[in-house]
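Listed below, chain by chain, are the residues.
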Amino acid sequence: MIGKQSIANPLGYERIGKLLRIYVIPSIISLIINSLYMVDQIFIGQGVGFLGNGATNIIAPISTIAIAIAALFGDGLAAFFSQNLGQGNADKAAKGVGTAIIISSVVSIIFAAFAFIFLTPLCRIFGATDSIMPYALGYGRIIVIGFPFAIVATVINSAIRTDGSPRYAMFSMMVGAILNTILDPLFIFVFHWGVEGAALATILSQFIGLLFNIAYLFKFQTIRFTRFSLVMKWSISGRLASLGFASCFNNLTSTVVAFVSNNLLTQYGALSEYGADIPLTTFGLCMKVSMIAFSIGIGVASGSQPIIGFNFGAKKYDRVKKTFLLGSVVCTIITVLSWAIFQCFPLQLIRIFGTESALYEEFAVRCFRIYLLLTFLNGLQMCTGVFFQAIGQPVKAAVASLSKQLIFYIPAMLILAPIFGLDGVLMADPVADAFAFILCLILCAREIRKMDGLSRNQEERI
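Residues numbered from 1 in each chain as written. Predicted model: local features only at pLDDT ≥ 70, side-chain atom pairs only at ≥ 80, totals over all residues. Heavy atoms only, no water.

A. Structural detail: the overall build of the protein. Assigned secondary structure in the protein consists of 18 helices and zero strands. Against the globule reference of 23 Å for 462 residues, the protein gives a C-alpha radius of gyration of 22 Å, in line with a compact fold. Principal-axis analysis of the C-alpha atoms places the extent of the protein at approximately 70 × 45 × 35 Å. Counting every position in the protein, which comprises 462 residues, the buried fraction comes to 58%. Across the protein, the centroid of the 31 positively charged side chains sits 15 Å from that of the 21 negatively charged ones. (Helix = DSSP H or I, 4+ residues; strand = E, 2+ residues; numbered from the N terminus. Rg over C-alpha atoms; globule rule 2.2 N^0.38 Å. Buried < 20%, exposed > 50% of the residue type's maximum accessible area, 1.4 Å probe, protein only. Lys, Arg positive; Asp, Glu negative; His and termini not counted. Charge placed at Lys NZ, Arg CZ, Asp CG, Glu CD.)

See below:
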């Protein structure tokens, strides 16, 4: 059964370069489109001002927890789905989809209710100043209502992409992003609803995207999904969680990073000429602009996951190795180009979100050039976490994914900020980039040598 499945599925025999183009390009476009939800920030900056953008940066860590939940079950499902297809277990893959939908729905509703009830203390925890708080509450009370739409849509989208329909996955995301881009200026500039209008545009767009994903459920190509597949299997949910743990925890550490960085920026900003609000706002915008560019690299890594997972399940280790190495090279090229843009055009990038005071723009340029100094090293780390996740090694995937933020970045901030003030918060990121790169290089080299040994053993048996 395994041999038959491997032969029938192009993932097992098609050229790696061609497969990467097929899976990576739609994945990149999907992630870029998803990043376009950041268009909120552009319209808020133009229509409300930088305090409105500061509010979205306060809510961002709470939204990141929702993204972590989506990654837990979505990325876990992608790995589970592709591995079982590689092993010829289509029925088990279908039950994985059903289980993921049910568990993600329940967890997302519980989290949305929690976030809504405790929004005020959560905003304080993530560094909201008195001037930003009213905007944060207005934006956040609406955004959290849409968490279940976004989470379940992401989970189903992962299954669609792994099923061999990355273009449909891209299309469903594109519909929501385009709708958001249309509704934002309408709600902000025509109806004058401010940050609340931007939040409403976002959740309406996410709901429409969810409907398009649901429409695909009974059109799978590699499995037969029926209403009997929509059952809760605790054994499968545990496996999904273990496979998606690295991605989930990586996003959760982003929330911890936001807590530490926002509070340090507020604390040391208040002692500087910039004040507390300017560093808090510009730092958040810097991170979000960089994420649009890095979405391309993440798209390459995510697009390689079905190829790696399928071939690992089919014990085709040479193809696993080739996919990972090619993906890493492409990711590195992308991060180098992104680094050049960040270093050369920081002022032009920040002015997309509105023109503010000279102090505001001065710190924004400083933020881009220091914080993003070594981003060209990020390409390998993007691929390493996905690689270990796809081959069913969640512990190594977690170490690779969390090394930068949890192991290196947070300690670097806590050490450097008291010494260098605001600059110390910014300098912590390039320090973390360097150490994370070295760690991922060591982990990958060891795993590739191990796969080379398995390939030689297979050849000797033949």
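Back to the write-up after that little detour.
B. Examining the side chain of Asn-157 more closely. Note that Asn-157 resides in helix H8 (residues 147–162). Setting aside chain neighbours within four positions, we find Asn-157 in contact with Ala-169, Ser-172, Met-173 and Asn-213. (Contact = heavy atoms within 4.5 Å.)

C. Just a nonpolar patch on the surface, in detail. Judged by side-chain polarity, Phe-114, Phe-116, Ile-117, Phe-118 and Ile-145 come together as a nonpolar surface patch covering roughly 500 Å² of accessible area. With respect to the element layout, Phe-114 can be found in helix H5 (residues 90–117). (Patch = residues over 30% accessible without salt bridge, like charges linked within 9 Å, V, L, I, M, F, W, Y side chains within 5 Å. Areas by Shrake-Rupley, 256 points an atom, 1.4 Å probe, with all protein chains shown as cover. Salt bridge = Lys/Arg side-chain N within 4 Å of Asp/Glu carboxyl O.)

D. Here's a closer look at the nonpolar core. Counting 136 residues, the largest nonpolar core has Ile-62, Val-97, Cys-123, Phe-147, Phe-220, Ile-223 and Met-413 as the members making the most contacts within it. Looking at this core, the element that brings in the most residues is helix H4 (residues 50–86), giving 15 residues. When sequence neighbours within four positions are dropped, the list of residues in contact with Val-97 reads Leu-77, Phe-81, Ala-159, Leu-217, Phe-220, Ile-223 and Phe-225. (Core = buried A, V, L, I, M, F, W, Y, C linked by side-chain atoms within 4.5 Å.)

E. Inspection of the packing of aromatic side chains at higher detail. Inspection of every chain in the model, using the stated rule, returns 24 aromatic pairs. A ring pair is formed by Phe-342 and Phe-368, whose centres lie 6.4 Å apart and whose planes are at 55°; its orientation type is tilted. Of the two residues, Phe-342 is situated in helix H13 (residues 317–344) and Phe-368 in helix H15 (residues 358–371); the sequence distance between them amounts to 26 residues. For Phe-342, a relative accessible area of 2% corresponds to the buried category. Classification of Phe-368 by relative accessible area gives buried; the value is 1%. Cluster of aromatic residues (ring-pair linked, three or more members): Phe-81, Tyr-168, Phe-171, Phe-212, Tyr-216, Phe-218, Phe-220 and Phe-225. (Phe/Tyr/Trp six-rings, centres within 6.5 Å; stacked < 30°, edge-to-face > 60°.)

F. Quick look at the environment of Met-413. Looking at the element boundaries, Met-413 is found in helix H17 (residues 394–420). Looking at Met-413, the relative accessible area reads 0%, which means it is buried. Expressed as a C-alpha distance, the spacing of Met-413 and Ile-370, which sit 43 residues apart in the sequence, is 13 Å. With residues near it in sequence (within four places) discarded, Met-413 still touches Val-257, Val-260, Ser-261, Leu-264, Pro-418, Val-425 and Ala-428.

G. Spotlight on the state of the cysteines. Within this structure, the stated rule accounts for zero disulfides. Here Cys-440 is not disulfide-linked; the sulfur of Cys-444 is the nearest cysteine sulfur, at 6.1 Å. (Disulfide = S-S within 2.5 Å.)

H. Geometry of helix H9 (residues 166–190). If you check H9, its first and last C-alpha atoms are 36 Å apart, about what 25 residues at 1.5 Å a residue would give, namely 36 Å. Just beyond H9, the residue with positive phi is His-192, at close to 60°. (Expected span 1.5 Å × (residues − 1).)

I. Structural context of the side chain of Gln-393. Along the chain, the position of Gln-393 falls in the loop between helix H16 (378–390) and H17. Not counting residues within four places of it along the chain, the set of residues in contact with Gln-393 comprises Phe-388 and Glu-447.

J. Region of the structure containing the pattern of salt bridges. The tally for this structure, following the rule as stated, stands at nine salt bridges. A salt bridge links Asp-429 to Lys-404, with the shortest nitrogen-to-oxygen separation between them at 3.1 Å. A residue pair is termed long-range when its members are at least 10 positions apart, and Asp-429 in helix H18 (residues 422–461) and Lys-404 in helix H17 qualify at 25 residues. Across the pair, exposure class does not vary: Asp-429 and Lys-404 are buried alike. The partner of Lys-404 in a salt bridge is Asp-433, with the nearest N and O atoms 2.9 Å apart.

K. How the structure looks around the packing of H8 against H9. The geometry of H8 relative to H9 is characterised by a closest axis approach of 7 Å and an angle of 150° between their N-to-C directions. Judged by the inter-axis angle, H8 sits roughly antiparallel to H9. Mapping the contact onto sequence places Asn-157, Ile-160 and Arg-161 in H8 and Pro-166, Tyr-168, Ala-169, Ser-172 and Met-173 in H9. Looking at the contact of H8 with H9, its residues break down into five nonpolar, two polar and one charged. (Axes fitted to C-alpha atoms, helices over the stretch in contact; angles between N-to-C directions. Parallel < 35°, antiparallel > 145°, perpendicular 65-115°, else oblique. Nonpolar A, V, L, I, M, F, W, Y, C, P; charged D, E, K, R; others polar.)

L. The arrangement of unusual backbone geometry in detail. Look at His-192: it is not a glycine, yet its phi comes out positive at around 60°. In this structure, His-192 sits in the loop between H9 and helix H10 (194–216).

M. A look at the confidence of the model for the protein. Per-residue confidence for the protein gives a mean pLDDT of 88, with 95% of residues at or over 70. Residue range residues 1–7 is modelled with pLDDT below 50. Its contacts to residues more than four positions away, or to other chains, number 13 contacts. (pLDDT = per-residue confidence, 0-100.)

N. Focus on the environment of Ile-67. Its place among the elements puts Ile-67 in helix H4. For Ile-67, a relative accessible area of 47% gives the class partly exposed. Between the C-alpha atom of Ile-67 and that of Val-257, which follows or precedes it by 190 residues, the distance is 15 Å.

O. Region of the structure containing the packing of H4 against H8. Look at H4 against H8: their axes get within 8 Å of each other, and the N-to-C directions meet at 20°. Judged by the angle between their axes, H4 and H8 are roughly parallel. Crossing geometry of H4 relative to H8 is assigned as right-handed. When its residues are assigned to classes, the contact of H4 with H8 shows 13 nonpolar, six polar and two charged. (Left-handed = near helix turned anticlockwise from the far one by under 90°.)

P. Seen up close, the environment of Ser-229. In this structure, Ser-229 sits in the loop between H10 and helix H11 (234–270). Classification of Ser-229 by relative accessible area gives buried; the value is 7%. Counting along the chain gives 64 residues from Ser-229 to Ser-165, while the straight-line C-alpha distance between them is 20 Å.

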